[in-house]
Amino acid sequence: MLGSAKAPSASPREQSSKAAEKTTDPIGRLGLQDNEDVHVMMQGSSMVKVRSSRWQKTRSLRLLEDGLTVWCESTKSSRKAKAQQTFAVTEVECVREGCQSEALRRMSGSVPENQCFTVVFRGARKSLDLLCPSPNEAQHWVRGLRTLKERVANMTQKEKLDHWIRGYLRRADQNQDGKMSYEEVKRLLQMINIDLSEHYARSLFKRCDRSGDGRLDHVEIEEFCRELLRRPELDSVFRHYSSNGCVLSTAELRDFLGDQGEDASLKHAQSLILTYELNDWAQKNLFMTQNGFTMYMLSLENDVFNPDHARVFQDMSRPLSHYFISSSHNTYLTKDQVTSASSTEPYIRALNQGCRCVELDCWDGDKGEPVIYHGHTLTSKVPFKEVIETIAQYAFKVSPYPLILSLENHCSVEQQAVMAKHLRTILGRKLLTSPLSKQPLTELPSPEELKGCILVKGKKHTPHLGQLGKTGSTASFSSSSEDEQGGSIKSTTPKSCKDPTKETSKLSPELSELVVYCRSIPFHGFGNVSEKPPNEMSSFCETDALRLIKDSGKLFVKHNSRQLSRIYPSGQRLDSSNYDPQEMWNGGCQMVALNFQTPGEQMDLNQGRFLQNGRCGYILKPSFLCSTSSNFNPENTGGGPGHIPTQLTIRIISAQQLPKINTEKASSIVDPQVSVEIHGVSIDNTRKKTHRIDNNGFNPRWDCTLSFQLQVPELALVRFVVVDNDRTAKNDFVGQFTLPFTSLRTGYRHVHLLKADGSSLSPATLFIHVKVSRKGIPVKTVSERIAAAKGKA
C-alpha cells in the first residue's frame, strides 16, 4: 500500500479483483494461508478457562479475521472485562505447555497435562490457563500462537502499516460490502485519530471516487489510503538530494548516506536500492524512487537506534564489576508488596527482558518445602522448587551470560538444605559450585568466562566464624540488604529504608557452599579498595547509596570498580514503585535492582540502558568507572574524566499513527506533544518539549528544534515521550522510547515508540533529525566536506 508493487501486466478489472482478494485475506498477507494451526484457531475452539479446582468455566476462543487478535468469550459486562475479551498476539510474552502455571500445577494429576497450556501476557494482565478438549487441539493453539508471535516480530514497517490500516478499513466498512461511503470514510478518519477539515476530507473523497457513484471500491480505497499515508516531509528530504525530483541516482543516495553519518560507499548505496526499491525498472537501472526511499526510511536499518548495537559488540572479557547488570527486586511479585500474588511468571518476564539478577525471598513452607513470598504480608506464596524449575527453563533463552540468584533467606537450617538440594538437582551443571580457577582471586571473572553459569548470591561461612552444624551457627545466610550493611552506614540507616520483613536466620553448610563469587557482607566503609577480596559485595538501600554518591562520590566509584554493589528500593515503597536508577549508574553501581512489574519512567530508563549490547543484560561501564585510581566524581564532573562537552540538536519533525487514548469516545482525537529528556549526571539532566498539535494523532507535524548541552555523554540516556496534552487535566501518556546517547544515530531517523509496559506501539513512530557536535566541532556533511575541499583547491 505504501509503495508501488512490481510492475503489473494485469487489466484494471483483474487488478481490482486481486486487490479485493488481498484486502479480505489478512492471513494470506501474513503468509500463513496454508498453516493448519492458524486455520483451526480461526474456526474457534471451546475450552475450559481454569483459575482453581473450584473455578472452571467453558469459554470459546477464536482468532479474528485480522490474524493478530484472539477473541475470548466473557460473561462479564464491565468496561474492563470487555476490553479483555480480546488480546493481540503482540501482548503475549510466551505460551507455556502443560501444567506449568500455579493454578494448573495444583491440579496436576486431575487434568490431562497434554491438553493444558498457559498464555502469559506482557505487563500486569493476568495469565490465561486453558484446558482443551484434546491434546491435538492444544497443540494447534500452542504452535499457532507461537507462529503468529514470530511472524509479527519479523514484520517490516510497511507490513505493519498495511495491516494497521486494513484492520481499520474492515471496522469502518459497517455493512461489510467492500465499498466505503463518505460517512464510512469519516468514521475511518475518527478511528485512525485524524480530524481532517470537512472541505479537505470531501475533496479527497471526490478525487479518489473515479467512478463517481459516491462509494469507493477497493482500488479507490487503496488510492485514498495512499494519499492519507503520504509523507510530505519525507518527500522534501528526497527532493533535496534528487537532481530531477523523480529518482535518486546511486551517487545521490551515497551523498545522503554520508550526511547521515553512515557507510557512504557506492556499494552500500547499491545494496540499499536492491533491498528496498520496489520498481523493477528503477532497481535494474540502480535508481531509487520516492516509494523505495520511503521503504528504506521506515526500515529498522534507518532506525534512531544503532543496529550494530543490537548484537553483543562490547568486550565481554572484563571483570564482572566493570559492567552494569540488569537486576530485578522482589522478582516474584506481580504487583505491590503487600497484597499482590507471588508467581513464577514475573521471572519469565524479567528473564525475557534480559534481566541477569533476580531475587528470591525464601521462607519456611509446609511439608518441609520452602516457599517464596514477601514475608509477613498478604502476598501469596509460590514454592521455591517451582521458581527454580522456571529459572532453569528460561535462564538463558535471551542472554547466554551469567545469571545471579539473589537469595533473601529467612528459612530454617533444615529448609535451607532443601533449597540447596533443589538448586543442585534442578539447575545441574548450570549452577556454579566452585571457583573457575584454583589460583588466588585477584579480580572477578568475566561474563564471557561465566557464560551459561548460574551464580548464588548470599552469605558464606568462613572458618573463623566457628564450627558449622545443623544445631546452630551464629552466622547469618540472609542476603537481606539490611544485613549486608554495616558500620557507619548501618548505624545511620533511616527508618524509611528498614523493611520489617527482612530477618536473619542460621546458616546451612549446604547452601553456604554454593556461594562462590557473590558473597554478601555488611558494608564497613571504603578502606583500602585493593585489599578487599573481589568476591565480597554489599547491598545498599536507595537512600544510603544516594548519600554515598553525594558525600563520597569518588570513593564509591573506586569501590565499584572492583567490588559489586546491589542497590534496592526503600522498604517504604509498599506500592512497588521505583527510584531513579540513573543516579546509581552515575556512581558505578552494577546491580541497580528495580521492581520490573511496575511500569513508568524508571523502568523505561532501565530498558533503555540495557537496550544495547544485544540486550544481553550486561553493559560495559565507561572506562572512568572501571579504575581503582579513577577521579571521576558523579556530583562534580567539570573538567574531570568523562567530561566531553557535546552539543545535541534534535529536530522533532513529525509523528505517524499515534493511537487514540480515549477509545470510548468515537470523536476523541489526541492533541500530541513531544518531550525529549536527557538522563545522566546531574548537570546534564533536562527536559524540553514541542508545542501541542490539536486534533491530529495520525500525522502531526511540529518541525521544532530542541538543543541540549551534555557534559558526560557516555552516561547519558535520551528519552522521547509523547503525551496527549490536556489544558485542563493531567496529560495522558501515549508512548515513549529511551536509548543510550552512545547508540543514537545522526541524520533523519524514525523513532519506533513503545507502550508503558515496554512492548511495541507499532506502527506509531516519530520522525526526527539528529545532529551532534563534540567540543564545538560539528560533524560535517558530505556537501560541506566537498565545498571545503574545493575551497582549499
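Only a predicted model underlies this, so the values are computations on that prediction, with no experimental measurement involved.

### A short note on the packing of helix H11 (residues 232-241) against helix H15 (residues 290-298)
Inference 1: Close contact between H11 and H15 brings their axes to 10 Å; oriented N to C, the two are set at 110°. Judged by the angle between their axes, H11 and H15 are roughly perpendicular. Relative to H15, H11 is oriented so that their crossing is right-handed. Contacts between H11 and H15 involve Leu234, Asp235, Val237 and Phe238 from the former and Gln290, Phe293, Thr294 and Met297 from the latter.

### Regarding empty space enclosed by the protein
Inference 1: Tallied over the full model, the rule gives 3 cavities of 30 Å³ or more.
Inference 2: Approximately 100 Å³ is the volume attributed to the largest cavity.
Inference 3: Around the largest cavity, the lining is made up of 15 residues, and of these Leu161, Leu229, Arg231, Gln656 and Gln657 lie nearest the centre.
Inference 4: Sorting the residues of the lining of the largest cavity by element identifies helix H7 (157-172), H15 and strand S30 (760-774) as the ones contributing at least two each.
Inference 5: Within the lining of the largest cavity, the residues separate by chemical class into 7 nonpolar, 6 polar and 2 charged.

### Topic: the environment of Lys158
Inference 1: You can see Lys158 is positioned in helix H7.
Inference 2: Along the sequence, Lys158 and Ser299 sit 141 residues apart, while their C-alpha atoms lie 8.1 Å from each other.

### Details of the nonpolar core
Inference 1: Counting 63 residues, the largest nonpolar core has Leu360, Ile372, Ile391, Leu405, Leu407 and Leu423 as its most contacted members.
Inference 2: Of all hydrophobic cores here, the second largest spans 35 residues; its members include Val304, Val676, Phe708 and Val718.

### Points about helix H18 (residues 413-427)
Inference 1: In this model H18 runs 21 Å from its N-terminal to its C-terminal C-alpha over 15 residues, within 8% of the 21 Å that 1.5 Å per residue would give.
Inference 2: Among the residues making up H18, those that are buried are Val413, Gln415, Gln416, Ala417, Met419, Ala420, His422, Leu423 and Leu427.
Inference 3: Packed against the buried residues of H18 are strand S13 (357-363), helix H17 (384-394), strand S16 (403-409), strand S17 (454-458) and helix H21 (509-512).
Inference 4: Positive phi shows up at Gly428, right after H18, with a value of about 55°.

### Here's the deal with the sheet that holds strand S2 (residues 56-63)
Inference 1: With antiparallel pairing, 7 strands are arranged side by side in an open sheet as S4-S3-S2-S1-S7-S6-S5. In the strand order of this sheet, the two ends are held by strand S4 (86-88) and strand S5 (92-97), each with one partner. Each strand axis lies, on average, 30° off the axis of its neighbour in the sheet, ignoring direction.
Inference 2: Here S2 runs beside strand S3 (residues 69-72); their pairing, made up of 3 bridges, is antiparallel. Following the sheet pairing, Arg62 is matched in S3 by Trp71.
Inference 3: Helix H3 (residues 36-43) rests against strand S1 (45-50) and S2 of the sheet, and its axis sits at about 120° to S2.

Basis of the calculations
- Residues numbered from 1 in each chain as written.
- Predicted model: local features only at pLDDT ≥ 70, side-chain atom pairs only at ≥ 80, totals over all residues.
- Heavy atoms only, no water.
- Axes fitted to C-alpha atoms, helices over the stretch in contact; angles between N-to-C directions.
- Helix = DSSP H or I, 4+ residues; strand = E, 2+ residues; numbered from the N terminus.
- Parallel < 35°, antiparallel > 145°, perpendicular 65-115°, else oblique.
- Left-handed = near helix turned anticlockwise from the far one by under 90°.
- Contact = heavy atoms within 4.5 Å.
- 1 Å grid on protein atoms, 1.4 Å probe; cavity = no way out; pocket = protein on both sides within 12 Å on 5 of 7 lines; lining within 4 Å.
- Points joined across faces, edges and corners; volume = space filled by probe spheres on them.
- Nonpolar A, V, L, I, M, F, W, Y, C, P; charged D, E, K, R; others polar.
- Core = buried A, V, L, I, M, F, W, Y, C linked by side-chain atoms within 4.5 Å.
- Buried < 20%, exposed > 50% of the residue type's maximum accessible area, 1.4 Å probe, protein only.
- Expected span 1.5 Å × (residues − 1).
- Pairing = 2+ DSSP bridges.

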